[in-house]
Amino acid sequence: MMGKLTWSAIPFDQPIPLVAGAIVMVVILAVLVWIVLKGYLPYLWREWITSVDHKRIGVMYCVLALVMLIRGFTDAIMMRSQQALAYKSQGYLPPDHFNQIFSAHGTLMIFFVAMPFVIGLMNFAMPLQLGIRDVAFPTLNSVSLWLTATGALLINISLVVGEFSKTGWLAYPPLSEITYSPGVGVDYYLWSLQISGIGTLLSGVNLTTTVLKLHAPGMTYLRMPIFCWTTLASNLLIVAAFPILTATYAMLLLDRYLGFHFFTNTGGGNMMMFMNLIWAWGHPEVYILVLPAFGIYSEVVSTFSRKPLFGYRSMVLATMAICVISFMVWLHHFFTMGAGGDVNAVFGIASTIIAVPTGVKIFNWLFTMYGGRVSFSVPMMWSVAFMITFVVGGVTGVLLAVPPADFIVHNSLFLVAHFHNVIIGGVLFGVFAGYIYWFPKAFGFRLDERWGRIAFWLWVVGFYVAWMPGYVLGLEGMTRRLQHYVVPEWRPWLILAEFGTLMILGGIVAQIVQIFVSIRDREALRDVTGDPWNGRSLEWSTASPPPPFNFGVLPNITGEEPYWGIKQRAIESGQLRPEPEYEAIELPRNSPTGFICAFFATFAGFALIWHIWWLVILACFGAFCTFVVFAWRDRTEYLVPVEEVARLDRANRAARAAWLAANATGSSPQAAE
Amino acid sequence: MSGAVERVGAADPYRIGHGTGYQEHTVEHAERGLAAKRIIVGFGFWIFLLSDIVMFSAFFAAFAVLANRTAGGPTGRQLFDLTNVAIETACLLFSSFTCGIASIGARAHNPRMYYGGMAVTFVFGAIFLFLEMHEFAGLVAQGAGPERSAFLSAFFTVVGCHGLHVSLGLLWLLTMVAQVFAKGFRPDILRRVLCFSLFWHALDIIWVALFTIVYLMGAGA
């Protein structure tokens with residue numbers, strides 16, 4: 001009846017996961033009780049859970065990412081403490097548990113922190129920048145979000161029911177085959193990533209279609225902000241790479257569930273094929289993450305330097321070049337496989353070539369700052385920190401792209417330091433910049449600047465203290481994923497790294513404090529005009545937070561940086577454009593399809609993990625019925641009446657007119673130079 | 001916001017990398033509004049189909065790598081019955097033709113043509129599926145199931161994945177018939193019929209590749 005699931009699946013003998021799981025459950029329960037008692041539940045259901053508005057969905061993606069960041073960081077600090085302690089001793093984490101922790105850390109940070117964060121920001125900002133009302137398929141967008149949440153939920157369930165994978169974040173066979181990993185850990189890993197992978201793929205299809213097909217009138221491709229270009233490149237990569245991941249995991253699942261021989265070491269299986277397939281997805285994946293971050297830096301650097309982006313077209317070209325070349329370098333993840341000198345040379349050269357368009361981007365940002373009036377707001381500080389940190393990470397990457405050098409440091413902490421250097425310094429700094437940059441657009445008030453700076457310094461310094469020792473340790477021969485060690489020379493560096501991790505903990509605490517302080521002081525931090533940073537692209541032309549339809553009338557685009565042009569003409573003429581003719585606007589109706597579908601997907605995934613076949617069938621049938629009910633709807637859209645459109649847009653115009661009047665007399669309260 | 005009045009682009013007099021159109025008051029394309037819903041839906045579904053084809057290409061790659069890893073078991077030459085495969089191919093291609101008829105019928109709002117086309121498509125799709133399952137059952141019965149060797153694992157996966165798509169397609173087909181029956185030829189339902197026919201034709205494209213790479217080359221090897 002319950003498949004493999006018995007009471008012994010709950011680790012009563014292991015206090016750490018049990019206590020952690022209990023705390024998480026108490027917190028979730030407390031939040032739920034608070035929501036119900038305060039009567040917020042109908043509001044949450046109506047306005048958020050069933051919402052198909054790209055802005056709401058984007059915000060929910062970011063919330064998911066921030067929550068999972070805390071979970072992934074907990075794993076990180078446990079690993080760093082274990083390695084700081086486990087010199088000639090067992091430390092406090094038994095090997096079995098340590099292996100689960102490093103596997104969960106990588107999986108969570110890539111799939112449930114970095115991915116939802118960039119997808120959330122793309123979802124939020126891209127349609128606003130293109131001057132449109134929503135993405136191409138709004139309900140599908142909600143399905144994507146909730147399937148991603150299902151994946152995250154399944155991984156967290158593994159904390160208390162059963163176990164998680166002990167095979168690293170990519171589950172290399174033959175270790176991940178049923179012979180060597182008979183438990184449910186690898187199944188938790190595979191099914192949660194399969195389900196969230198479908199969500200990501202649907203997002204990719206959705207956002208690609210949006211950028212290619214939906215524009216405000218006159219928004220030609222070469223007038224799109226760079227963030228839209230990087231969104232396009234990133235989503236093209238999702239469409240081209242994620243199906244490979246789905247296929248690869250499907251093969252591993254068939255091996256595990258039905259005794260197939262794809263990657264086994266018997267029956268003619270070929271485990272190196274797994275490495276090739278997984279990295280044919282895996283290398284594009286790092287560009288899926290970092291390209292949107294590059295887009296954010298471009299927006300931020302241009303805005304806070306008060307200049308158009310230097311070399312806009314070369315930036316477009318570099319973005320698309322990275323998009324293509326990223327598919328030609330995957331073998332550098334396993335130079336030591338023994339593919340031969342010629343093959344290694346080809347992939348080594350391709351990997352060094354991809355540094356060229358990235359270098360073009362770095363110079364473009366630097367030249368954008370050159371001669372500009374740079375103001376060091378928190379998003380700009382993250383961007384500058386990125387430029388320095390990412391160059392260090394990039395240079396060590398080029399070093400690893402040279403096969404003979406790679407043979408020396410392969411699978412050492414040098415490699416681990418390299419990819420933390422590019423993913424923290426590239427992706428995470430970028431999403432933090434984007435989070436602070438677009439927060440006032442989403443909520444109508446800015447985040448507290450002082451706590452933002454504290455978080456910034458703790459994070460950046462903490463990162464260097466935590467990860468520069470990694471390079472030293474790698475050169476001293478320390479391999480990755482060691483539960484304990486006996487080499488005395490490593491110990492001081494590992495203790496230093498622990499100290500850096502504690503500083504990052506301080507940074508995260510500062511970020512949490514920042515949220516509370518900002519909400520408390522929201523009236524003082526209010527973004528009245530909708531343009532808190534003197535922005536250049538269209539999202540700053542609408543109110544903060546934007547109305548559900550984004551723009552009262554679709555803007556007519558006549559050049560690059562359309563909002564900057566509109567703003568300058570208004571300043572020159574001393575008045576806003578004449579009031580447009582308002583019309584009623586059709587918007588897609590909210591739908592619980594995504595949430596209900598994910599509800600069934602959660603049960604399907606859990607049942608597949610524990611071999612509860614009747615529940616699998618029931619859940620799949622439920623999901624199918626959900627779609628049929630959705631397809632049977634007669635009213636798919638609702639009409640925002642013209643008076644409502646006019647009221648909201650007039651309020652936005654009034655705020656800007658007030659600013660213009662104040663500015664013309666030279667007494668602007670917001671002339672923050 | 002800026003306190004000072006700034007001229008457009010004034011801070012970067014060279015405007016490097018911005019083309020000639022930066023902030024000029026041209027109205028080219030400005031008249032063009034958003035693309036029609038039918039175009040957007042079709043385009044989006046094409047992108048999805050491309051991603052599906054990428055997934056198949058991974059299975060094809062695995063098959064190519066494992067084609068000779070028979071682990072002492074039977075080879076494709078010993079197992080494949082090309083007559084059966086030829087009949088399957090004919091069924092699928094013919095069902096694609098009738099699917100085309102059905103989508104013309106839908107666009108013309110001609111119920112008889114639509115239901116007739118869909119019914120024939122369903123019948124031939126089901127025959128295809130029956131023949132494929134029959135082939136699979138025969139292979140398993142003679143001890144050539146997917147656990148026998150890596151070659152057979154890859155064979156069952158790539159062909160079975162196509163078969164799974166056909167099964168889901170048949171389920172979708174029935175749903176579309178029911179939808180038109182219940183709601184008539186509404187624009188949103190016509191868009192779904194368009195997506196369904198794209199899906200069904202894409203299955204043909206994949207089958208042609210399967211037929212060539214797996215069966216013909218496998219039987220000839």
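Reading guide: rules and limits
Residues numbered from 1 in each chain as written. Chains lettered and ligands numbered in written order. Predicted model: local features only at pLDDT ≥ 70, side-chain atom pairs only at ≥ 80, totals over all residues. Helix = DSSP H or I, 4+ residues; strand = E, 2+ residues; numbered from the N terminus. Rg over C-alpha atoms; globule rule 2.2 N^0.38 Å. Buried ≥ 20, exposed ≤ 12 C-beta atoms within 10 Å, placed from the backbone. Contact = placed C-beta atoms within 7 Å. Core = buried A, V, L, I, M, F, W, Y, C linked by C-beta atoms within 7 Å. Axes fitted to C-alpha atoms, helices over the stretch in contact; angles between N-to-C directions. Parallel < 35°, antiparallel > 145°, perpendicular 65-115°, else oblique. Left-handed = near helix turned anticlockwise from the far one by under 90°. pLDDT = per-residue confidence, 0-100. Expected span 1.5 Å × (residues − 1). Arc of directions from axis to C-beta. Nonpolar A, V, L, I, M, F, W, Y, C, P; charged D, E, K, R; others polar.

Student: Help me understand the overall build of chain A in this model?
Tutor: A tally of regular secondary structure across chain A gives 20 helices and 2 strands. Computed over C-alpha atoms, the radius of gyration of chain A comes to 25 Å, within 12% of the 26 Å expected from 2.2 N^0.38 for 673 residues, which places it in the range of a compact globule. When its C-alpha atoms are laid out on the principal axes, chain A stretches across 75 × 55 × 45 Å. In chain A, which comprises 673 residues, the proportion classed as buried is 56%. Here the analysis covers contacts within chain A between residues at least 6 apart in sequence; of these, 84% occur between residues at least 24 apart.

Student: Explain the overall build of chain B here, please?
Tutor: For chain B, the helix and strand inventory stands at 6 helices and 0 strands. Listing every helix and strand of chain B by position from the N terminus yields α-α-α-α-α-α. A total of 221 residues make up chain B; the buried ones form 32% of that total. Put simply, 78% of the contacts in chain B that link residues at least 6 apart link residues at least 24 apart.

Student: Help me understand the environment of T148 of chain A in this model?
Tutor: All names here are of chain A. Within the secondary structure, T148 is located in helix α5 (residues 138-157). Separated by 49 residues in the primary sequence, T148 and G197 place their C-alpha atoms 7.4 Å from one another. In this structure, T148 is in contact with L64, P116, S196, G199 and T200, ignoring residues within four places of it in sequence.

Student: In this structure, what is going on with the environment of N364 of chain A? I would like to understand it.
Tutor: Relative to the helices and strands, N364 of chain A is located in helix α11 (residues 355-369). Each C-alpha atom, one on N364 of chain A and one on S298 of chain A, is 8.8 Å from the other, the two residues being 66 residues apart in sequence.

Student: In this structure, what is going on with the nonpolar core? I would like to understand it.
Tutor: Soluble globular proteins: nonpolar side chains tend toward being buried together. All names here are of chain A. Core analysis: the largest hydrophobic core is formed by 246 residues, its most contacted members being A114, V118 and L121. Sort the elements by how many residues they give to this core and helix α4 (residues 95-130) lands first, with 22 residues. Once residues within four sequence positions are removed from consideration, A114 is found in contact with M109, L289, I423 and V427.

Student: Sorry, what's going on with the packing of α4 of chain A against helix α8 (residues 271-305) of chain A here?
Tutor: For any two helices packed against each other, one specifies the inter-axial angle together with the distance between the axes. Residues and elements named next belong to chain A. The geometry of α4 relative to α8 is characterised by a closest axis approach of 10 Å and an angle of 45° between their N-to-C directions. Taken together, the axes of α4 and α8 are oblique relative to one another. As for the relative orientation of α4 and α8, their crossing is left-handed in sense. Across the interface between the two elements, A114, M115, V118, L121 and M122 from α4 touch L289, P292, A293 and I296 from α8.

Student: So what exactly am I meant to see when it comes to the confidence of the model for chain A here?
Tutor: This prediction gives chain A a mean pLDDT of 94; 99% of its residues lie at or above 70. Counting interchain partners and residues more than four positions distant, the pLDDT-below-50 stretch residues 666-673 of chain A has 9 contacts.

Student: Please explain helix α6 (residues 187-220) of chain B as it appears in this structure.
Tutor: Spacing of three or four residues puts side chains on the same side of an α-helix, whose turn is 3.6 residues. All names here are of chain B. Over its 34 residues, α6 runs 48 Å from end to end, which matches the ideal 50 Å to within 8%, given 1.5 Å per residue. Regarding α6, the residues found buried are V193, F196, S197, W200, A202, L203, I206, W207, L210, V214 and Y215. The secondary structure elements touched by the buried residues of α6 are α1 (37-66), α3 (82-107) and α5 (150-183).

Student: What exactly am I supposed to notice about helix α9 (residues 312-325) of chain A here?
Tutor: Residues and elements named next belong to chain A. The terminal C-alpha atoms of α9 lie 20 Å apart, and with 14 residues this matches the ideal 20 Å at 1.5 Å per residue to within 8%. Among the residues of α9, those classed as buried are Y312, M315, A318, T319, I322 and C323. Taken around the axis of α9, the buried residues stretch over an arc of 140°, which confines them to a single face. Each element contacted by the buried residues of α9 is listed here: α7 (226-258), α8 and α11.

Student: Help me understand the packing of α8 of chain A against α11 of chain A in this model?
Tutor: All names here are of chain A. Running from N to C, α8 and α11 point in directions that differ by 15°, and their axes come no closer than 9 Å. Between α8 and α11, the angle falls in the class roughly parallel. Where α8 crosses over α11, the handedness of that crossing is left-handed. Seen from α8, the contacting residues are F294, Y297, V301, S302 and S305; seen from α11, they are K361, W365, T368 and M369. Taken together, the residues of the contact of α8 with α11 sort by class into 5 nonpolar, 3 polar and 1 charged.

Student: Would you explain unusual backbone geometry in this entry?
Tutor: Glycine aside, negative phi is the norm for most residues, and most peptide bonds take the trans geometry. All names here are of chain A. For the bond from P173 to P174, the omega torsion is 5°, close enough to zero to count as cis. Within the secondary structure layout, P174 lies in the loop between α5 and α6 (185-213). Cis geometry is adopted by the peptide bond preceding P545, which originates at S544 and carries an omega value of -10°. With respect to the helices, strands and loops of the structure, P545 is situated in the loop between α16 (490-520) and α17 (562-573). In the Ramachandran plot, R481 falls in the positive-phi region, its phi being about 60° despite a non-glycine side chain. Locating R481 in the fold gives a position in the loop between α15 (449-475) and α16. Judged by the 14 C-beta atoms lying within 10 Å of it, R481 is partly exposed. With a phi close to 60°, H611 is a non-glycine residue in the positive phi region. Structurally, H611 is set in the loop between α18 (593-609) and α19 (613-631).

Student: Can you help me understand the environment of A598 of chain A in this one?
Tutor: Residue and element names in this part refer to chain A. On the secondary structure map, A598 appears in helix α18. Remark: the alpha-carbon pair of A598 and A623, spanning 25 residues in sequence, is separated by 8.1 Å. Leave out the neighbours within four places in its chain, and A598 touches W146, L147, A149 and T150.

Student: Looking at this structure, how should I read the confidence of the model for chain B?
Tutor: For residues with low pLDDT, the predicted coordinates do not support detailed interpretation. All names here are of chain B. Across chain B, pLDDT averages 88, with 85% of residues at or above 70. Summarising per-element confidence for chain B, the mean pLDDT is lowest in helix α2 (residues 76-79) (91) and highest in helix α4 (residues 111-141) (97). Per-residue pLDDT stays below 50 along residues 23-32; that stretch engages in 20 contacts with residues further than four places along the chain or on separate chains. In the predicted assembly, ipTM is 0.94 and pTM is 0.94.

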